[in-house]
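Working through the structure, step by step
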Amino acid sequence: MFPKNTWYVACTPDEIESKPLGRQICGERIAFYRGHEGKVCAVEDFCPHRGAALSLGYVDGGNLVCGYHGLVMGCDGKVVSMPMQRVAGFPCVKSYPVIERYGFIWVWPGDAAQADESLLPHLEWAESPEWAYGGGLYHINCDYRLMIDNLMDLTHETYVHTTSIGQDEIDESPVHTKVEGDTVITSRYMENIMAPPFWRAALRYNDLADDVPVDRWQISRFTPPSHILIDVGVAHAGKGGFEADPAHKAAAIVVDFITPETETSHWYFWGMARNFKPNDPELTKAIRDGQGKIFGEDLEVLEAQQRNLRANPDRRLLMLNIDTGGVQSRRILDRLVQAEQQQATAEPA
Amino acid sequence: MFPKNTWYVACTPDEIESKPLGRQICGERIAFYRGHEGKVCAVEDFCPHRGAALSLGYVDGGNLVCGYHGLVMGCDGKVVSMPMQRVAGFPCVKSYPVIERYGFIWVWPGDAAQADESLLPHLEWAESPEWAYGGGLYHINCDYRLMIDNLMDLTHETYVHTTSIGQDEIDESPVHTKVEGDTVITSRYMENIMAPPFWRAALRYNDLADDVPVDRWQISRFTPPSHILIDVGVAHAGKGGFEADPAHKAAAIVVDFITPETETSHWYFWGMARNFKPNDPELTKAIRDGQGKIFGEDLEVLEAQQRNLRANPDRRLLMLNIDTGGVQSRRILDRLVQAEQQQATAEPA
Amino acid sequence: MFPKNTWYVACTPDEIESKPLGRQICGERIAFYRGHEGKVCAVEDFCPHRGAALSLGYVDGGNLVCGYHGLVMGCDGKVVSMPMQRVAGFPCVKSYPVIERYGFIWVWPGDAAQADESLLPHLEWAESPEWAYGGGLYHINCDYRLMIDNLMDLTHETYVHTTSIGQDEIDESPVHTKVEGDTVITSRYMENIMAPPFWRAALRYNDLADDVPVDRWQISRFTPPSHILIDVGVAHAGKGGFEADPAHKAAAIVVDFITPETETSHWYFWGMARNFKPNDPELTKAIRDGQGKIFGEDLEVLEAQQRNLRANPDRRLLMLNIDTGGVQSRRILDRLVQAEQQQATAEPA
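Residues numbered from 1 in each chain as written. Chains lettered and ligands numbered in written order. Predicted model: local features only at pLDDT ≥ 70, side-chain atom pairs only at ≥ 80, totals over all residues. Heavy atoms only, no water.

A count of helical and extended segments in chain A gives six helices and 17 strands. Here chain A has a C-alpha radius of gyration of 22 Å; the compact-globule value for 349 residues is 20 Å, and the two agree. Considering only C-alpha atoms, chain A reaches an extent of 75 × 50 × 35 Å along its principal axes. Each of the 349 residues in chain A was classed as buried or not, and the buried ones make up 57%. Surface summary for chain A: the accessible area is close to 14800 Å², and the carbon and sulfur share equals 49%. Across chain A, 32 positive and 49 negative side-chain charges occur, with their mean positions spaced 4 Å apart. (Helix = DSSP H or I, 4+ residues; strand = E, 2+ residues; numbered from the N terminus. Rg over C-alpha atoms; globule rule 2.2 N^0.38 Å. Buried < 20%, exposed > 50% of the residue type's maximum accessible area, 1.4 Å probe, protein only. Areas by Shrake-Rupley, 256 points an atom, 1.4 Å probe, with all protein chains shown as cover. Lys, Arg positive; Asp, Glu negative; His and termini not counted. Charge placed at Lys NZ, Arg CZ, Asp CG, Glu CD.)

Structure below.
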């Protein structure tokens, strides 16, 4: 249950640096590689000769060479050549629109004819020299929508991440959700509290006192198909919170790109962008290591939840106000998937 | 194929000492934890909010707190509270009758209304200071009834446990089985033989000569649902065997509590109670280590047997006199399961 | 999809040296062991008493003793004895014709009545003192026919085995396939080329210059059910190639016995026979180690191909001239399987 006519993060450039990458996305097995002039290509991971995995091959002269019998595959899914063979009549494989931007490789796993580069979200933090970004990737065995639920309701920080970013004040503060077109925004503000360990460290990184009360905010923004960017931070109390002058706050964007692999597994690209000390790679590493540990705590919870739901498929769950962000996001996804299905039905055979 | 309206061993107290325990018993996923005033609780391992595993949470003030969003679950399966929420209308989850006794946590996985504490077996060795007990737990991928068969016919000791408790005289001695109500008793007596290694050591532990002939006994007692207690021991020959004065024998009870997890897997709580040197913890440890090794030898045999039976579902097996103990035990189980099914059918909808 | 009324390599003698071996072949679970007078036996790996795996037992006096309750199984599948039991009425299990020859144990997994020792292939290199053999065994999770395809088209050496036996000239040389009865022969000759690393070493082992042009040959011979013997080698250029005098060449036979385990997994017995320096065990070991590494490279490719084919069951593959060897071999297999099925249908009930 995922829309396919949309852009997903497929991988990061380092994953295709030394050799092709085979990755399943929205049920499509895809080989990613860097082709002519460094342009990223994505073709079905299936050699039309005998079904070998093209991703086990290598790149030669910008083309992907099948590692089994040397069939040379073009970026457009058409066979370029094969030793001793005429390939004019060889069947094509699917090729997928890809864009390399913002430090990610994005793929459009659905109908290539509908791919529209302008639909890619704009990520200012990824282009501005005033921002730094660090992140990682987890493979998680659960429906990607459970991860959306997880991120659109940060109440869980109190419980899952007790020693880092969780604190009692989170679930004591009301949460507000609003829907603007296809965007869902869930926000929570906590005023005049002490910062939890992660944010105390961030204040110190920012040369700010960490032992004084702060205002804290969490503003999750969902946009389809499954991008969630969360404004997070703390400001010294009474300085304006999220709107405070940079001199008084430590702020960042939690970046979450969630890419379905199958119906019950997904790739989770997580990271954090910050606009303080952007040229400090050691700080980037320290934050990423800390965040990786925090987000790793979600894995066990989500995979156990998936097992429980699979064992109890007919059981109805509660939908509380704190769940509104996830519920609204799923509604948008339902609508998009339904539209794709209707379009598919309407097309002439 | 297991009765559910009965007491099974669920776990040992050390397993819920530091955090809740999630364990599947008779197909029910259950969270065990120590609640108010140290009383053990057992509730369905499913948070009614979003289906998270409650066993991944923590205990606070005697209640189980869901580790995802902080729902507070009571021992009775009713939601106590949740931050910022009114929980009066929240659905309940199942709670399970539990008893902590004899060093074990016992659970009644079926209809709670029928739970009857008086049906718990009495285990004198577990309460008397004249006895010591040591044991362990194995997870085994086979139908729990294969383990019942295994224990109700100790002929296999000759073959599976050749270097410890097996000896040729076992299968050269006749076995007798009798049924008394719901109890099946299989006994074998071997007279004037040399003790095998395990029992020679036991004689020495007991300050008895280990190089003289002994009389040996094995008396397996099955009671539903799957408790098997085996009187075992050796006495210097001609002193009365099982009935001999304690001064002439080394005797013990092999303790086996077999708890189905699924139709084809179970939890095996094994141990040994002895009434000699009960205050010697090193001896307890030595015996437990030896027994753990012996019982580990059964695992491979039973799991291979399960694979063979699954691959040959229609093949009829032999039922020899040595199998009578297992056959009679299964008959009692069949009857109990059938009675549960009839009762379920007879109940008004 | 495999013929069963034929000889397959089941194992090597070292595998049954110290204890019985349980191995599934063509879907049949079989226990192999060395019985009376050292004769190899093969019986169904299923104890008729309670379904235990006989292969977990031990051999006593030439009979296989079940490790569970001591049933003694004869080489003919009839129960010999069991402690305290009359076994006359016990059911038999299947026994399988076996032959130990050429350093292998061969089994006939189908109808024992049709087993015909004369159908075993003659392997001169396995009996002559002028030849040495070294080999190994891999378990591979793919249809055994994918391995046949792999070996009947050595084009893949260029790609899969780039650092050892692969070289560009392979796929630049035409390949010829002919069918002679049930034998398929695919051959490729490369003239006046430089030898790849593996063959340069072979030339040196053979006291021949390795820095001069050579003629190279690959002649794959498939015979049912799945034996592929490949004449391979190099001769100093212009000396006659495959037909050259031994003084000018380094030649060997690549030995491949492919035994289906299930429809999608097989046992791959690989090795190399050479007729130079046959009495040099260190050379045998060096070649085997090198070959084991090379053949290990095929595993990943074949298992990924199997996953791709399973995910795309209806997709048609190409059949190029280089695939002719595999295609013709499969045709022979189809015919044999069909004949077995017709025979089974025609037999009176």
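Next comes the rest of the description.
Turning next to the interface of chain C and chain A. With 31 residues of chain C at the interface, the matching set in chain A holds 25 residues. In total, about 2300 Å² of surface goes out of reach between chain C and chain A, with carbon and sulfur atoms giving 57% of it. Summed over the shared surface of chain C and chain A, the number is two salt bridges. For the salt bridge of Arg315(C) with Glu44(A), the shortest nitrogen-to-oxygen distance reads 2.5 Å. If you look at where chain C meets chain A, you find twelve residue pairs in polar contact (both at pLDDT 80 or more). When residues in the side of chain C that touches chain A are grouped by element, the largest group, nine residues, is from helix α5 (residues 281-311) of chain C. For the side of chain C that touches chain A, a count of residues per class yields 14 nonpolar, eight polar and nine charged. (Contact = heavy atoms within 4.5 Å. Buried area = accessible area lost by both parts, 1.4 Å probe. Salt bridge = Lys/Arg side-chain N within 4 Å of Asp/Glu carboxyl O. Polar contact = N/O pair within 3.5 Å; in protein donor to acceptor, adjacent residues only side chain to side chain. Nonpolar A, V, L, I, M, F, W, Y, C, P; charged D, E, K, R; others polar.)

Time to look at the state of the cysteines. Taken as a whole, this structure holds three disulfides over all chains when the rule is applied. In this model Cys41(A) forms its disulfide with Cys75(A); the gap between the sulfur atoms is 2.1 Å. Classification of the bridge connecting Cys41(A) and Cys75(A) rests on its S-S torsion, roughly -115 degrees, and on that basis the disulfide is left-handed. Pair noted here: Cys41(A) is in strand β4 (residues 40-44) and Cys75(A) is in the loop between β7 (72-73) and β8 (79-81), with a separation of 34 residues, a long-range link. On the basis of relative accessibility, which here comes to 29%, the residue Cys75(A) falls in the partly exposed class. Residue Cys142(B) stays outside any disulfide, its sulfur separated by 14 Å from that of Cys26(B), the closest cysteine. (Disulfide = S-S within 2.5 Å.)

Moving on: the sheet that holds strand β6 (residues 63-65) of chain B. Pairing within the open sheet is antiparallel, and its four strands lie in the order β5-β6-β7-β8 (chain B). Pairing within the sheet leaves two strands with one partner each, and these edge strands are β5 (58-60) and β8 (79-81) of chain B. (Pairing = 2+ DSSP bridges.)

Residues and elements named next belong to chain A. Counted according to the given criterion, the structure contains 36 aromatic pairs over all chains. The rings of Phe 104, Trp 106, Trp 125, Tyr 133 and Phe 257 are connected pair by pair, giving a single aromatic cluster. The ring of Trp 267 carries the charged tip of Arg 23 above its face, separated from the ring centre by 4.3 Å. (Phe/Tyr/Trp six-rings, centres within 6.5 Å; stacked < 30°, edge-to-face > 60°. Lys NZ or Arg CZ within 6 Å of the ring centre and 35° of its normal.)

Before going further, it helps to spend a moment on the domain arrangement of chain A. All names here are of chain A. Taken domain by domain, chain A holds domain 1 (8-119) and domain 2 (124-337). With centres defined by C-alpha atoms, the gap from domain 1 to domain 2 works out at 33 Å. A combined buried area of about 1200 Å² lies between domain 1 and domain 2, and 71% of that area is made up of carbon and sulfur atoms. Of all residues in domain 1, Tyr 8, Tyr 102 and Phe 104 give up the largest surface area on contact with domain 2, accounting jointly for 42% of the area buried on that side. One can count zero salt bridges joining domain 1 with domain 2. Where domain 1 meets domain 2, there are four residue pairs in polar contact (both at pLDDT 80 or more). Secondary-structure elements contributing two or more residues to the side of domain 1 that touches domain 2 are β1 (8-11), β2 (21-25) and β10 (104-107). A total of four residues in the side of domain 1 that touches domain 2 trace back to one element, the largest contributor, which is β1. (Domains from an automatic or database assignment.)

This next bit is on the relation of the copies chain C and chain A. Rotating chain C by 120 degrees about the axis while translating it 0.0 Å along that axis superimposes it on chain A, leaving an RMSD of 0.0 Å. The two molecules are tied by a three-fold rotation axis, judged by turn and shift. By C-alpha distance to the rotation axis, the residue of chain C lying nearest is Asn141(C), at 13 Å. (Least-squares fit on C-alpha atoms with pLDDT ≥ 70 in both.)

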